[in-house]
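Letter by letter, the chains look like this.
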Amino acid sequence: VVWAANGRKFVLTDDQSTLYCYSLGEFDAPFKIAKAASPVWSPDGSRLLFSRGDQLFYSDLADKETLVAKGVRPGSACWSPEGARVAFSVDDKVVYVSLADGIQRELIEGRRVSCTAWSADGSAIALEDNGGNPVRVVNVDSTGNYTFWVAPGNYTITYQNGSLSATSQPVTLN
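A short tour of the structure in this document, coming up.

### Here's the deal with the environment of V68
Step number 1: When you line up the elements, V68 lands in strand β8 (residues 65-70).
Step number 2: Between the alpha carbons of V68 and Y96 there is a distance of 10.0 Å; along the sequence they are 28 residues apart.
Step number 3: Setting aside residues no more than four positions away along its own chain, V68 makes contact with L49, L56, F57, Y58, F88, V97, L99 and Q104.

### Here's the deal with the packing of aromatic side chains
How two aromatic rings sit relative to each other is given by the distance of their centres and the angle of their planes.
Step number 1: Taken as a whole, this structure holds five aromatic pairs when the rule is applied.
Step number 2: Ring centres 6.1 Å apart and planes at 70 degrees place the aromatic pair Y58 and W79 in the edge-to-face group. One end of the pair, Y58, is in strand β7 (residues 55-59); the other, W79, is in strand β9 (residues 78-79), and 21 residues separate them in sequence. Taken individually, Y58 and W79 each receive the classification buried, so the pair is uniform in this respect.
Step number 3: Where Y96 meets W118, the ring centres are 6.0 Å apart and the plane angle is 80 degrees; that geometry is what we call edge-to-face. With Y96 in strand β11 (residues 93-98) and W118 in strand β13 (residues 113-118), this residue pair connects regions lying 22 residues apart in the sequence.
Step number 4: Among the aromatic side chains, those forming a connected cluster through ring pairs are W3, F10 and Y22.
Step number 5: Above the face of the Y58 ring, R47 is positioned so that its terminal group lies 5.8 Å from the ring centre.

### With respect to the sheet that holds β7
Step number 1: In spatial order, the strands read β5-β6-β7-β8; together these four strands make up an open sheet with antiparallel pairing. For this open sheet the edge positions go to β5 (37-41) and β8, each flanked by a neighbour on one side alone. Direction aside, the axes of adjacent strands within the sheet are offset by 25 degrees on average.

### Overview of the pairing of strand β10 (residues 85-90)
Step number 1: Taking burial as the measure, the six residues of β10 include six buried ones, the bulk of the element.
Step number 2: Direction of pairing for β9 relative to β10: antiparallel, over a ladder of two bridges. Bridge assignment links W79 to a residue of β10, and that residue is V86.
Step number 3: From the end of β9 to the start of β10, which pair antiparallel, there are five residues, and G83 there has a positive phi angle of about 80 degrees.
Step number 4: With six bridges joining them, β10 and β11 adopt antiparallel strand pairing. Following the sheet pairing, S89 is matched in β11 by V94.
Step number 5: The turn linking β10 back onto β11 is made up of two residues, and D91 within it adopts a positive phi angle of 55 degrees.

Conventions adopted
Residues numbered from 1 in each chain as written. Predicted model: local features only at pLDDT ≥ 70, side-chain atom pairs only at ≥ 80, totals over all residues. Heavy atoms only, no water. Helix = DSSP H or I, 4+ residues; strand = E, 2+ residues; numbered from the N terminus. Contact = heavy atoms within 4.5 Å. Phe/Tyr/Trp six-rings, centres within 6.5 Å; stacked < 30°, edge-to-face > 60°. Buried < 20%, exposed > 50% of the residue type's maximum accessible area, 1.4 Å probe, protein only. Lys NZ or Arg CZ within 6 Å of the ring centre and 35° of its normal. Pairing = 2+ DSSP bridges. Axes fitted to C-alpha atoms, helices over the stretch in contact; angles between N-to-C directions.

Remember that the coordinates give geometry; whether it matters functionally is a separate question.
Encoded structure:
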């Protein structure tokens, strides 16, 4: 069972991989999504992100399913705090998509990520690598520049204007 943040909706999966979306206080039949897995509610509880094989979709829970991306690593997707973007792992890259324009923006390459999580303000994404590698935090901005913090070791790597720099100073995350 996965609850929506508003506490009014939940989704559960049966043994046939069908998702059933319920709304508390409504007596209608649940909304069904066939052959789906890894459900994730949007922050406002109005949409549901889910995977079907290596494809990532979201549904408005009425009748519409929208394809977000193909080749997605199952279970790696997450909503941004405002619900306008989705981050996920595809092949050996971590990307995010603005649902308004559908364009995939690459954050980092060469990583097989098992989990992503947005910061509360939507300015960064934490990434957990598959093989017990350090957690990385990547800043999300529109310039293509990024910074990530690597633990353990407390160092920061910054890519800006085509060059990399590193520091071993302790990092404080707000």
